[in-house]
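Notes for the structure review
Each chain, letter by letter, is given below.
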Amino acid sequence: MNVLNFMQSFFSDGSHWHGYDGIPQRVWEHLQYTAAALAIAAAVGLPIGLVTGHTGRGGNALAFVASGARALPTFGLLVLMFVWLGLGIVPVMIPLVVLAIPPILITTYEAIRTLDPSPVDAARGMGMSEGKILLQVEVPAALPLILSGLRSATIQIVSTATIAAYVALGGVGRYILDGLYQRDFEKTAGGAALIAVLALLVLVLFWAVARVAVSPGVRRRRTA
């Protein structure tokens, strides 16, 4: 029986579509973990990346911190947080946030630093404040790259949020962990397929957001 047959058997089983262990419930839990981790990571990474990119100060320190965060093993950090804090959502959120901050931080910084300086100089010549220059001139022009950083972070969170199952929480990771423990390969394959589908949906979502949020002029310049 190959993987495709395992997946077909999993999704065709009606018992997997309702109840506390049903696909809708597990996907909803997974999306909650993803949204919470992304919101925290964006709240930390976006302001720091925007300010450092605008001022040009702290770039080396930013790269050092981001590289250090990327080097941390997510599962090892989860185990450490579990030993320190016990069961709960916090030991899961910390590794996911640490995983998501570097792509948001670095991409946002680079998006601002690599902009054409001419519009910024013109805005300063018109007497605009630094805050208005950042928010009204730089951010709209850098939005495609900023969104790419958020997209990368979201995909990483979606793929890694399966670790919640290791500390007795829910999410799609329950199917993978329980399937391996029970030697139920249909459940394991179904869980892996759901993660892949969620990652593809993230790509579609950010494509749609970019189509709506990025001005046509900026899109044309990036594709020219």
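Note that this is a predicted model, so its numbers are computed, not measured.

1. Brief notes about the overall build of the protein
Helix and strand counts for the protein come out as 10 helices and 0 strands. Written out in order from the N terminus, the α and β elements of the protein read α-α-α-α-α-α-α-α-α-α. Here the C-alpha coordinates of the protein stretch approximately 65 × 40 × 25 Å along the principal axes. A buried classification covers 42% of the 224 residues belonging to the protein. By sequence separation, contacts in the protein at least 24 residues apart represent 74% of the contacts at least 6 residues apart. Counting only carbon and sulfur atoms, one obtains 67% of the accessible surface of the protein, whose full area is about 11,900 Å². The positive charge centre, built from 15 side chains, and the negative charge centre, built from 11, are 9 Å apart in the protein.

2. Digging into the nonpolar core
Membership of the largest hydrophobic core comes to 44 residues, with the highest contact counts inside it found for Val92, Leu96, Ile104, Leu150, Val172 and Leu194. Here this core takes 11 residues from helix α5 (residues 90-113), the largest share from any one element. Ignoring anything within four residues of it in the chain, the contact list for Val92 reads Leu78, Ala164, Val167 and Leu169.

3. Some thoughts on helix α8 (residues 173-182)
Since the α-helix packs 3.6 residues into each turn, any two residues three or four apart lie on the same face. Among the residues of α8, Gly173, Arg174, Tyr175, Asp178 and Gly179 are the ones counted as buried. Elements that come into contact with the buried residues of α8 comprise α1 (3-12), α2 (23-55) and α9 (185-213). Following α8 by one or two positions, Arg183 has its phi on the positive side, about 55°.

4. A look at the environment of Ser152
If you trace the backbone, Ser152 turns up in helix α7 (residues 130-160). Here Ser152 falls in the partly exposed class, since its relative accessible area comes to 30%.

5. Concerning unusual backbone geometry
Non-glycine residue Arg183 carries a positive phi angle of around 55°. Looking at the element boundaries, Arg183 is found in the loop between α8 and α9.

6. Considering the pattern of salt bridges
Considering all chains together, one arrives at 4 salt bridges under this definition. Salt-bridge contacts for Asp21 lead to Arg26; the nearest nitrogen and oxygen are separated by 2.9 Å. Arg26 shares its class with Asp21; the two are buried. Note that Arg26 and Glu29 form a salt bridge whose closest N and O atoms lie 2.9 Å from each other. Of the two residues, Arg26 and Glu29 both sit in helix α2, 3 residues apart, roughly one turn of that helix. With a relative accessible area of 7%, Arg26 lands in the buried category. Here the salt bridges do not stand alone but share partners, grouping Asp21, Arg26 and Glu29 into one network.

7. A short note on a nonpolar patch on the surface
Together, Phe75, Val79, Phe82, Val83, Leu87 and Tyr166 line one region of the surface with nonpolar side chains, adding up to about 600 Å² of accessible area. Secondary-structure assignment places Val79 in helix α4 (residues 74-85).

About the thresholds
- Residues numbered from 1 in each chain as written.
- Predicted model: local features only at pLDDT ≥ 70, side-chain atom pairs only at ≥ 80, totals over all residues.
- Heavy atoms only, no water.
- Helix = DSSP H or I, 4+ residues; strand = E, 2+ residues; numbered from the N terminus.
- Buried < 20%, exposed > 50% of the residue type's maximum accessible area, 1.4 Å probe, protein only.
- Contact = heavy atoms within 4.5 Å.
- Areas by Shrake-Rupley, 256 points an atom, 1.4 Å probe, with all protein chains shown as cover.
- Lys, Arg positive; Asp, Glu negative; His and termini not counted.
- Charge placed at Lys NZ, Arg CZ, Asp CG, Glu CD.
- Core = buried A, V, L, I, M, F, W, Y, C linked by side-chain atoms within 4.5 Å.
- Salt bridge = Lys/Arg side-chain N within 4 Å of Asp/Glu carboxyl O.
- Patch = residues over 30% accessible without salt bridge, like charges linked within 9 Å, V, L, I, M, F, W, Y side chains within 5 Å.

In short, the description is geometric, and any link to function would need to be established separately.
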